[in-house]
Amino acid sequence: MNFPRADLLPQTPLLVVDRAALDRNLAKMQALCDAAGVRLRAHGKTHKCGALGRLIVEGGAVGLCCQTVGEAEAFVAAGVRDVLVTAPQAAWAGPRLAALARAGATVGVVADDEGQIDQLSDAAVAAGTKLDLIVDLDLGTHRTGVYPHEALSLARAADASPGLRFAGVQAYLGHLQHLDDAALRRSAGEAAFATLKALVAELTAAGLPPPVVTGGGTGTHAFDLASGVFTELQAGSYAVMDVEYDACGAPGGGDWPFEPALFIAASVISARHKSHVVCDAGFKAVAVDGPPARVVAGAAPGSLWRPMGDEHGMIAHPDTLDVLKAAGRAPLGFAQAVAAADADPARPFPADAPKVGDVVWLQPGHCDPTINLYDALHVWDGERLERWAVDGRRVSL
């Protein structure tokens, strides 16, 4: 990426999207889905951005997935007219989803409990509208969803409930998305697909053929599209990618067809130590539930970012990583190792370390929760930055 100059950045830390890379990623996934005859229902939980969601739909996606009611409301407000909430919701959510449907959007929601179905039915009837009900399946992630042998009873309940349409089944294989063992990722996926195909046959034989079989993800997209069982693909991270997906590798091996498009601009605010400089991107700018953010520009190749608190991060120089190793895990190990390195007259300050005021560019370790830390994406087209609101973040009413 040709990163924007520091004087073009309104502030740091700043979340920046490479528009050219984004466009290539969106076009590639849409082309893969089109070639497989599978509709793309990209997952909006990755970006939570109405403008980006609308762009994906304008490129050919049938609609968007949402993880929360707030995401669904933001996407519909942005002009996306077909949304699917992919997590079972609490009772309060039903009336808000029904309001979206009454206003003209096609709204689907998953359930894994008959009580949820009853609540959604009551909400839809009260609003004088219809909701699409998708039965959520558990094929190994063990987060939400019913086991396949329990699905038929829920499908029957949805089909019999006023205000609801039985619209199909969802099978998201979240536990497979980042498996490092490519062969295991493939074989476990194939086993899940076989189970899913058997369930589709069972529902069809019972007179409830599922109109939609939705699921899949970025980490298994090639297998999902080749399986012949999905009618929709729910991948989301492909749009911007992150270190975690880069580390696990593309499904089937080889290079990813998608490229990094999401970066964090961080300013160096202190350079008092030989082992590292300090930037303004810490825990509140970089999600740390996955691998650490990767330094991609603005510092010596091989430099490492590590958090140093809420608003501070370290950029460790590759020639001084021995200092971090010497620190170990002792309670005062880091303080003592850095002080010893600073006091060593034989150890110079690295000449190519970033200086105060320099901008260092990071690739997030995990894109979804990192985006959730910001109120906007700043989209770089090579000449200017355009602000796209992250309007699907959770807010209270």
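Every value quoted in this text rests on a predicted model; they were computed, and no experiment measured them.

Calculation rules
- Residues numbered from 1 in each chain as written.
- Predicted model: local features only at pLDDT ≥ 70, side-chain atom pairs only at ≥ 80, totals over all residues.
- Heavy atoms only, no water.
- Helix = DSSP H or I, 4+ residues; strand = E, 2+ residues; numbered from the N terminus.
- Contact = heavy atoms within 4.5 Å.
- Buried < 20%, exposed > 50% of the residue type's maximum accessible area, 1.4 Å probe, protein only.
- Pairing = 2+ DSSP bridges.
- Salt bridge = Lys/Arg side-chain N within 4 Å of Asp/Glu carboxyl O.

Caption draft 1: Layout of unusual backbone geometry. Across the junction of T12 and P13, the peptide omega takes the value -5 degrees, indicating a cis bond. One can find P13 in the segment before β1 (14-18). Despite not being glycine, K48 shows a phi value in the positive range, around 50 degrees. Within the secondary structure layout, K48 lies in the loop between β2 (39-43) and α2 (50-58).

Caption draft 2: Local environment of the environment of V243. Assignment of secondary structure puts V243 in helix α9 (residues 243-248). Along the chain, V243 and P292 lie 49 residues apart, while their C-alpha atoms are 7.9 Å from each other. Apart from the residues within four sequence positions on either side, V243 is in contact with P291, P292, R294, Q363, P364 and G365.

Caption draft 3: Focus on the pairing of strand β14 (residues 313-316). Residue alternation in β14 divides its side chains into two sets, G313 and I315 and M314 and A316, and both sets are buried. Pairing geometry for strand β11 (residues 276-279) and β14, over four bridges, is antiparallel. Note on β14: the bridge partner recorded for V277 is I315. The pairing of strand β13 (residues 304-307) with β14 spans four bridges and is classified as antiparallel.

Caption draft 4: Just the pattern of salt bridges, in detail. Applying the stated rule across the entire model yields 14 salt bridges. Linking E259 and R24 is a salt bridge whose minimum nitrogen-to-oxygen distance equals 2.8 Å. Pair noted here: E259 is in the loop between α9 and β10 (262-270) and R24 is in helix α1 (residues 19-36), with a separation of 235 residues, a long-range link. The exposure class assigned to E259 is partly exposed, which follows from its relative accessible area of 27%. Here R384 ties to D381 by a salt bridge, and the two come within 4.0 Å at their closest N and O atoms. On the basis of relative accessibility, which here comes to 44%, the residue D381 falls in the partly exposed class.

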